[in-house]
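Descriptive structure summary
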Amino acid sequence: MDLRALRYFIETVRHNSFTQAAATLCVTQSTVSKMIRQLEDEVGQPLLIRAGRQVQLTDVGRVIFARGQEALELMQQMQREVADLNGLTRGNLSVGMPPMVNLFFSPVVKAYCERYPGIRLNLLESGGQRIEQQVASGELEVGITLLPADPALGLATRSFGRFPILVAGPAGAPWARRMTVALADLRNTPLVLPTDEFSLTRQVRAAFHGAGVDAQIVAQSSQWDFLVAMAGAGLGTTLLPAPLLARLAPNANVQIRPLAEPGLEWHVALIWKAGHYLSHAARAWLALCAEILEAVP
């Protein structure tokens, strides 16, 4: 069975779209369709039911999808193990990194590239929840997220920083008259938050739910500085970690207050799949992070 055709089929099912699969694979949609038809010819049965722009798996398609993921993961593991024989003189390492935490990793990236020039380091930016899923599925060896991670994914973690989450918003907001802000003070307050793929948003939503407050989200963005700009323009209030807000220039239109709730913090951690093989390149990345980031409070 053609492994490339198998990969095209799996990406199409994951994205539930020929178009998005083609974009992920950097090929044309017609190429994806052709490879899947080739796979169906090899199997001798249809694997997908085309329903407009979406696809559905046949019974045979479900088997091929499940076993195909295992086959591709085994192939990737074989490639990693073979690359290890070269003693980190060549190879690839992809690291999933949320945009909000990349400010910590510039010295790590610099040191890694200098120490292991033969390793191609790929930094893939995405939200923490998506990175957790990619690490759990074997698409990525290592990544970064916020703790607590999804307990169902079986991830190993290594914490390297805990930071308070602060409230930031327009100077005229009612909560701005307080020294500290409780989540109950934000009842009926318009909120601007990171998009739902970010672990920070998962944590904030859970905190509001635990406090019995309905979060009134009016806008979301993957760019934290844009969230602060929207807050300063009066669109709503945001909740962001202290290290990010500390990078802002003083702005009279934005008020910042600490949260009164204990336990709501930006707890950043490295993640990998517990009990699974890690390449030497991935282990070197984890070791270098511990070496450089161990002084982070």
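What comes next is a walk through the structure. As the structure is a computational prediction, the values presented were derived from the model and not from experiment.

A separate point is the side chain of T201. By the element assignment, T201 lies in helix α7 (residues 199-210). Under the relative-accessibility criterion, T201 is labelled buried at 1%. Within the structure, the side chain of T201 is placed 2.8 Å from the backbone oxygen of P194, a separation counted as a polar contact. Ignoring any residue separated from it by four or fewer positions in sequence, one finds T201 in contact with P194, T195, D196 and Q220.

A negative phi holds for most residues other than glycine; trans holds for most peptide bonds. Here the bond from L147 into P148 is cis, since omega is 5°, no more than 30 degrees from zero. Of note, P148 is situated in the loop between β5 (142-146) and β6 (155-170). Not every positive phi belongs to a glycine, and C26 is a case in point at roughly 60°. When you line up the elements, C26 lands in the loop between α2 (18-25) and α3 (29-43). Judged by its relative accessible area of 70%, C26 is exposed.

A word on the packing of aromatic side chains. Following the criterion strictly, the structure yields eight aromatic pairs and no others. Plain terms: the ring middles of F104 and W266 are 5.9 Å apart, the flat faces sit at 35° to each other, and that makes the pair tilted. Taken together, the residues span a long stretch of sequence, with F104 in the loop between β3 (91-97) and α5 (106-115) and W266 in strand β11 (residues 265-273) at a distance of 162 residues. F104 sits in the buried class, given a relative accessible area of 14%. On the basis of relative accessible area, W266 is assigned to the buried category, the value being 1%. Ring geometry for F105 and F160: centres 5.5 Å apart, planes at 90°, overall edge-to-face. With F105 in the loop between β3 and α5 and F160 in strand β6, the pair connects residues that are 55 residues apart, well separated along the chain. Across this residue pair, the class does not change: F105 and F160 are buried. By the ring-pair criterion, three or more aromatic residues cluster together here, those being F104, F105, Y112, Y116, F160, F163, W266 and W285.

The sheet contact formed by strand β1 (residues 48-51) and strand β2 (residues 54-57) spans four bridges and is antiparallel. Following the sheet pairing, L48 is matched in β2 by L57.

For the rest of this paragraph, the subject is the packing of helix α1 (residues 3-15) against helix α4 (residues 59-84). It is the contact of α1 with α4, at a shortest axis distance of 9 Å, that shows an interaxial angle of 120°. Taken together, the axes of α1 and α4 lie oblique to each other. Viewed along their axes, α1 and α4 form a crossing whose handedness is left-handed. Contact with α1, carried on its side by L3, L6, R7, F9, I10, V13 and R14, involves G61, I64, F65, G68, Q69, A71, L72 and M75 of α4 and no other residues of that element.

Ranked by size, the top nonpolar core spans 64 residues in total, and within it L93, F105, Y112, L239, W266 and W285 carry the most contacts. Excluding residues that lie within four positions of it along the chain, L93 makes contacts with Y112, I119, R120, L121, N122, E141, V142, A281, A282 and W285. Residues V32, L39, I64 and L72 belong to the second largest nonpolar core, which totals 19 residues.

This next bit is on the state of the cysteines. On inspection of all chains with the given rule, the structure shows zero disulfides. No disulfide involves C289; its nearest neighbouring cysteine sulfur is the one of C113, lying 12 Å away.

The next subject is the pattern of salt bridges. This structure, assessed with the given rule, holds twelve salt bridges. Between R62 and D59 there is a salt bridge whose closest N-O contact spans 2.2 Å. With R62 and D59 both in helix α4, this residue pair falls three residues apart, about one helical turn. The shortest N-O distance in the salt bridge between D196 and R205 comes to 3.1 Å.

Our focus in this paragraph is the environment of I292. Among the secondary structure elements, I292 is positioned in helix α10 (residues 280-293). Note on I292: relative accessible area 28%, which makes it partly exposed. Distance in space between the C-alpha atoms of I292 and F105 is 9.2 Å, their sequence separation being 187 residues. Look past the residues within four positions of I292 in its chain and what remains in contact with it is P107, V108 and A111.

Within α2 the residues assigned to the buried category are F18, A21, A22 and L25. Projected down its long axis, α2 shows its buried positions confined to an angular sector of 100°, all on one face. Packing partners of the buried residues in α2 comprise α1, α3, β1 and β2. Backbone nitrogen of T19 and a side-chain oxygen of the N-cap are separated by 3.2 Å at the start of α2; the cap is S17. In the segment just after α2, C26 is the residue with positive phi, at about 60°.

Rules behind the numbers
- Residues numbered from 1 in each chain as written.
- Predicted model: local features only at pLDDT ≥ 70, side-chain atom pairs only at ≥ 80, totals over all residues.
- Heavy atoms only, no water.
- Helix = DSSP H or I, 4+ residues; strand = E, 2+ residues; numbered from the N terminus.
- Buried < 20%, exposed > 50% of the residue type's maximum accessible area, 1.4 Å probe, protein only.
- Polar contact = N/O pair within 3.5 Å; in protein donor to acceptor, adjacent residues only side chain to side chain.
- Contact = heavy atoms within 4.5 Å.
- Phe/Tyr/Trp six-rings, centres within 6.5 Å; stacked < 30°, edge-to-face > 60°.
- Pairing = 2+ DSSP bridges.
- Axes fitted to C-alpha atoms, helices over the stretch in contact; angles between N-to-C directions.
- Parallel < 35°, antiparallel > 145°, perpendicular 65-115°, else oblique.
- Left-handed = near helix turned anticlockwise from the far one by under 90°.
- Core = buried A, V, L, I, M, F, W, Y, C linked by side-chain atoms within 4.5 Å.
- Disulfide = S-S within 2.5 Å.
- Salt bridge = Lys/Arg side-chain N within 4 Å of Asp/Glu carboxyl O.
- Arc of directions from axis to C-beta.

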